[in-house]
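One letter stands for each residue in the lines below.
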Amino acid sequence: MNYFSSDFKLGVLGGGQLGKMLLADTRKFDIQTLVLDPSDEAPARYACNAFFKGSLMDYDTVYKFGKMVNVLTIEIENVNLDALDKLEEEGLAVFPSPKTLRLIQNKGKQKDFYVENGIPTSKHFRFVDLNDLKNTLRTEELEFPFVWKCAQFGYDGNGVKVCRSAIDLVKLPDVECIAEALVPFKNELAVIVVRNPSGEVKTYPVVEMEFHPEANQVEYVICPARINAKVAKKAVEIALNVSESFNHVGLLAVEMFQTENDEILVNEVAPRPHNSGHYSIEASYTSQFENHLRAILNLPLGNTASKVAGIMVNLVGEEGYEGQVVYENIEKIMAIDGVTPHIYGKRQTRAFRKMGHVTIVNENMEEARKIAQDVKNSIRVISIQ
């Protein structure tokens with residue numbers, strides 16, 4: 001099929017910042033792209049060939065959108081899977097497949113999948129609601145501390161809470177959820193695997209993630225991870241096993257814990273471009289977004305190696321500010337060599353909302369990390385007062 005400068009149409013479910021960054025590559029290749037998103041202010045709406053406003057969870061909306069395109073992909077997991085089933089049954093190429101998404105969309109099913117397939121992960125319990133969890137605590141099958149996660153619709157640190165006592169249960173929503181053993185770890189790692197329908201597979205280097213202690217969001221992504229070669233090899237092998245087990249096509253970000261004993265435990269996965277791969281736009285030979293595009297169109301995969309050390313700093317809304325966004329001191333960080341800001345196009349800021357990221361590239365990892373700290377300390381995402 002001729003994808004370039006042709007009548008071919010790629011559909012993307014979701015028009016957030018991931019969709020916006022993917023469209024930089026569809027533009028580069030002159031691939032017509034249609035986007036569906038529920039928001040009038042979706043960041044991706046201005047870069048696609050056609051934008052459609054509608055619910056990603058509504059069967060008819062997703063089905064009708066799918067009938068307009070030749071290949072369909074996602075930038076968010078929370079989409080109507082029954083509509084994707086029907087579209088796939090009628091011959092539309094859908095990547096990742098609804099079968100894969102069903103295993104990933106619900107965190108309880110995802111964790112069960114790891115256990116059933118011999119993939120190392122932390123111990124977990126599944127609950128139909130909060131009362132079910134409390135009953136299990138009373139029987140002492142479940143003990144504090146543990147990590148609570150809502151089974152569906154969590155994002156960017158929302159829907160995750162470390163519970164150390166009964167007080168931590170007070171404000172939890174009464175939804176289907178899981179409880180995971182609290183893993184003593186020394187590093188949080190991630191490996192992005194890219195796979196096309198022909199079976200070509202590549203991995204990006206292992207990255208290290210540093211999280212904000214309150215918001216449970218990634219603050220820094222460091223590539224390559226500051227770990228030894230043996231641990232890196234084990235992480236890549238496990239990520240490849242996870243990708244193969246899911247029979248996934250496209251990009252799969254595998255988040256992992258490196259324990260105190262250098263075991264690797266899979267935390268969770270994302271079947272799409274991911275925050276842990278944003279550094280690749282500037283630091284890699286082929287960005288994660290271009291490789292996702294290459295994979296779902298069954299084109300040869302690009303080189304996943306890094307050209308230089310890369311660190312990504314998330315830009316999130318500062319606490320105490322809400323309203324029209326202002327990026328304070330952005331000119332200051334842009335004056336630093338190797339610093340590139342990415343602004344996602346969200347006009348309204350609020351505490352911990354992802355508003356953009358900054359990539360720092362440098363031949364020296366220590367220098368890159370130092371600059372990343374300077375960037376973090378300099379730029380502020382606030383609002384007009």
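Numbering of residues begins from 1 in every chain and follows the order in which that chain's sequence is written. A pLDDT threshold of at least 70 governs which residues receive local features in this predicted model, and a stricter bar of 80 or more applies before side-chain atom pairs are shown or counted, although totals over entire chains, interfaces and linings include all residues. The basis for every side-chain value is the complete set of heavy atoms in the structure, and neither hydrogens nor water enter the calculation.

Caption draft 1: Up close: the packing of aromatic side chains. Pairing of aromatic rings covers Phe, Tyr and Trp, the last through its six-membered ring, and needs centres within 6.5 Å; plane angles under 30 degrees mean stacked, over 60 mean edge-to-face, and all others mean tilted. The tally for this structure, following the rule as stated, stands at 11 aromatic pairs. Judged by centre distance (6.2 Å) and plane angle (85°), the ring pair of Tyr3 and Phe4 falls under edge-to-face. For Tyr3, a relative accessible area of 12% puts it in the buried group. Summarising the aromatic geometry, the rings of Phe113 and Phe246 are spaced 4.3 Å apart at their centres and angled 15° between planes, so their arrangement reads as stacked. A simple rule labels every residue: compare its accessible area, found with a 1.4 Å probe on the protein chains alone, to the largest value its type can have, and call it buried under 20%, exposed over 50%, or partly exposed in between.

Caption draft 2: Summary view of the sheet that holds strand β1 (residues 9-13). Read from one edge of the open sheet, 5 strands run β3-β2-β1-β4-β5, paired in parallel fashion. Each edge of the sheet is formed by a strand with only one pairing partner; in this case those strands are β3 (50-53) and β5 (93-95). Between one strand axis and the next, the sheet turns by 20° as a mean value, whatever way the strands run. Helix α2 (residues 59-66) contacts β1, β2 (32-37), β3 and β4 (71-74) of the sheet and is inclined by roughly 175° relative to β2. Think of it this way: DSSP has to see at least two bridges between two strands before they count as a pair. The way it works is that DSSP assigns letters per residue, a run of H or I at least four long becomes a helix, a run of E at least two long becomes a strand, and they are numbered from the N terminus. Note on geometry: axes are lines fitted to C-alpha atoms, helical ones only across the stretch in contact, with angles between N-to-C directions running from 0 to 180 degrees. The criterion used for residue contact is that any of the two residues' heavy atoms lie within 4.5 Å.

Caption draft 3: Structural view of the pairing of β1. Within β1, 4 of the 5 residues are buried, which leaves it mostly tucked inside the rest of the structure. A clockwise path from the first strand over the helix to the second, with the strands pointing away from the viewer, defines a right-handed crossover. Regarding topology, helix α1 (residues 17-28) serves as the crossover connection from β1 to the parallel β2, and that connection is right-handed. Relative to β4, β1 runs parallel, the two being bridged by 4 bridges. Its bridge partner being in β4, Gly11 is matched across the sheet by Leu72.

Caption draft 4: Structural detail: unusual backbone geometry. Between Phe95 and Pro96 the backbone carries a cis peptide bond, its omega angle lying at -5°. Among the structural elements, Pro96 can be located in the loop between β5 and α4 (98-105). In this model, Phe144 is joined to Pro145 through a cis peptide bond whose omega is -5°. Structurally, the position occupied by Pro145 is in the loop between α6 (130-138) and β7 (146-150). The phi torsion at Asp262 lies on the positive side, around 65°, for a residue other than glycine. Residue classification places Asp262 among the partly exposed residues on the basis of a relative accessible area of 22%. Its identity as a non-glycine residue notwithstanding, Asn329 has a phi of 70°, on the positive side. Looking at the secondary structure, you find Asn329 in the loop between β17 (323-328) and α10 (330-334). Given a relative accessible area of 33%, Asn329 falls into the partly exposed group.

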